[in-house]
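Residue-level structural notes
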Amino acid sequence: MEKISIIIPIYNEEGNILRLLKDLINELSLIQGFDFEVILVDDSSTDRSKNLIKSYIENNNKLKVRLIENDFNIGKTFSIQKAINTVRADFLIFMDGDYQDDPKDIKKFINKVKEGYNLVIGYQDKDYSLFVKFCGVIYKSILRIFLNIKKVKNPSPQFMLIKYDNVKKINFKQNYHRYMAIGAMYKKIKFCEIKVNFFKREYGVSKFSRFKVFGAFFEVFGLIYRLKKDIFFSK
């Protein structure tokens with residue numbers, strides 16, 4: 001039986017995390033033929049997120065849910081890396097803890113695994129601003145020209161499934177969680193995209209900003225260099 005670890009980094013998500021956990025566990029219980037575990041990484045939250053998760057785990061000790069606690073805030077990338085370093089799985093699913101990703105979409109990812117795909121990217125069909133659309137066109141053009149990565153709606157997904165072997169040797173740098181799929185596509189992994197639902201945030205504050213979009217333009221050229229020089233992955 002193949003094992004799938006679902007990694008969820010969180011920071012100050014006390015209004016969302018229990019709803020997400022309950023619905024996620026319910027959806028996983030409906031999927032047969034796979035061994036699931038859920039790993040939450042709390043990035044030194046200042047609200048009640050960590051305590052709510054601990055209480056949930058204590059009251060549902062038959063479930064394969066575990067919590068990794070960061071002693072101080074290290075950011076999303078290194079929280080994800082920390083979780084990756086603790087698992088031995090066949091596949092990983094990454095999703096956010098703000099309940100903007102739909103747990104019901106998990107079965108869509110699993111169906112694609114059954115079809116033989118090793119990377120399944122979730123894309124959202126939503127009304128992006130002109131600024132985000134323009135940046136997306138430039139970003140994907142850079143990937144097409146320099147890395148020959150084509151016909152991808154969302155090359156930097158936050159909701160995706162990927163074979164464990166394609167991430168375990170990444171030499172992570174700040175924000176490199178955005179480029180896990182790109183690294184795999186550059187290595188010619190068998191991939192596909194699926195449309196996933198998108199929920200508006202009900203609680204808490206979004207971590208998105210335009211500064212992150214600008215920063216990604218500078219980062220992507222460093223990414224291209226590391227992929228071309230074969231130093232994105234360790235030997």
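Higher on the page you've got the structure.
Below you will find a few notes about this structure. (Residues numbered from 1 in each chain as written. Predicted model: local features only at pLDDT ≥ 70, side-chain atom pairs only at ≥ 80, totals over all residues. Heavy atoms only, no water.)

What follows deals with the overall build of the protein chain. Scanning the protein chain from N- to C-terminus turns up 7 helices and 7 strands. In the protein chain, the succession of α and β elements from N to C terminus is β-α-β-α-β-α-β-α-β-α-β-α-β-α. Whereas a compact globule of 235 residues would reach a radius of gyration of roughly 18 Å, the protein chain reaches 17 Å, a difference of no more than 12%. Viewed in the frame of its principal axes, the protein chain has a C-alpha envelope of about 50 × 40 × 35 Å. Per-residue burial for the protein chain yields a buried fraction of 50% across its 235 residues. The contacts of the protein chain with a sequence gap of at least 6 include a subset with a gap of at least 24, amounting to 83%. Only carbon and sulfur atoms are counted for the fraction: they give 53% of the accessible area of the protein chain, which is about 12200 Å². For the protein chain, the distance from the average site of its 42 positive side-chain charges to the average site of its 27 negative ones is 7 Å. (Helix = DSSP H or I, 4+ residues; strand = E, 2+ residues; numbered from the N terminus. Rg over C-alpha atoms; globule rule 2.2 N^0.38 Å. Buried < 20%, exposed > 50% of the residue type's maximum accessible area, 1.4 Å probe, protein only. Contact = heavy atoms within 4.5 Å. Areas by Shrake-Rupley, 256 points an atom, 1.4 Å probe, with all protein chains shown as cover. Lys, Arg positive; Asp, Glu negative; His and termini not counted. Charge placed at Lys NZ, Arg CZ, Asp CG, Glu CD.)

Looking now at the packing of aromatic side chains. All chains considered together, the criterion is met by 7 aromatic pairs. Judged by centre distance (5.8 Å) and plane angle (55 degrees), the rings of Tyr 99 and Phe 199 are tilted. Separated by 100 residues along the polypeptide, Tyr 99 in the loop between β4 (91–94) and α4 (106–114) and Phe 199 in the loop between β7 (191–196) and α7 (210–228) bring together distant segments of the chain. A residue is classified by how much of its surface remains accessible, and Tyr 99, at 10% relative accessible area, is buried. Three or more aromatic residues joined by ring pairs make a cluster, and in this case those are Tyr 176, Tyr 179, Phe 232 and Phe 233. Looking at Lys 153, its charged tip hangs above the ring of Tyr 123, at a distance of 4.9 Å from the centre. (Phe/Tyr/Trp six-rings, centres within 6.5 Å; stacked < 30°, edge-to-face > 60°. Lys NZ or Arg CZ within 6 Å of the ring centre and 35° of its normal.)

Residues Phe 91 and Ile 93 of β4 are buried on one face, and the alternating residues Leu 92 and Phe 94, pointing to the opposite face, are buried as well. Pairing geometry for β4 and strand β6 (residues 160–163), over 4 bridges, is antiparallel. Residue pairing for β6: Phe 94 is matched across the bridge by Met 160. (Pairing = 2+ DSSP bridges.)

Structurally, the position occupied by Asp 102 is in the loop between β4 and α4. You can call Asp 102 buried: its relative accessible area is 7%. Taking C-alpha positions, Asp 102 is 15 Å from Ile 31, a pair spaced 71 residues apart along the chain. A polar side-chain atom of Asp 102 sits 2.8 Å from a polar atom in the side chain of Asn 197. (Polar contact = N/O pair within 3.5 Å; in protein donor to acceptor, adjacent residues only side chain to side chain.)

Before going further, it helps to spend a moment on helix α3 (residues 76–84). Listing the buried residues of α3 in full gives Thr 77, Ser 79, Ile 80, Ala 83 and Ile 84. Take α3 and look down its axis: the buried residues cluster within an arc of 165 degrees, on one side only. The inward-facing, buried residues of α3 contact β1 (2–10), β2 (34–42), β3 (65–69), β4 and α6 (180–186). (Arc of directions from axis to C-beta.)

Below, the discussion takes up unusual backbone geometry. Positive phi is not limited to glycine here, since Ser 44 has a value of about 60 degrees. For Ser 44, a relative accessible area of 23% puts it in the partly exposed group. Positive phi is not limited to glycine here, since Asp 230 has a value of about 60 degrees. Residue placement: Asp 230 occurs in the segment after α7.

We now examine the side chain of Asp 42. By the secondary structure assignment, Asp 42 is in strand β2. It is Lys 50 that comes nearest to the buried, bridge-free Asp 42 among opposite-charge side chains, at 5.0 Å. In this structure the side chain of Asp 42 is engaged in a polar contact, spanning 2.6 Å, whose partner is the side chain of Ser 45. Here Asp 42 is in contact with Ile 10, Ser 49, Lys 50, Leu 67, Ile 68, Glu 69 and Asn 70, once residues within four sequence places are set aside. (Salt bridge = Lys/Arg side-chain N within 4 Å of Asp/Glu carboxyl O.)

Our focus in this paragraph is the sheet that holds β4. The 7 strands lie next to each other as β3-β2-β1-β4-β6-β5-β7, forming an open sheet whose pairing is mixed. At either end of the open sheet lies a strand with only one pairing partner, and these are β3 and β7. Strand-to-strand, the axes of this sheet are offset by a mean angle of 25 degrees, without reference to chain direction. Alignment of strand β5 (residues 119–124) against β6, held across 3 bridges, turns out to be antiparallel. (Axes fitted to C-alpha atoms, helices over the stretch in contact; angles between N-to-C directions.)

Fair warning: the whole summary comes from geometry, so function is off the table for now.
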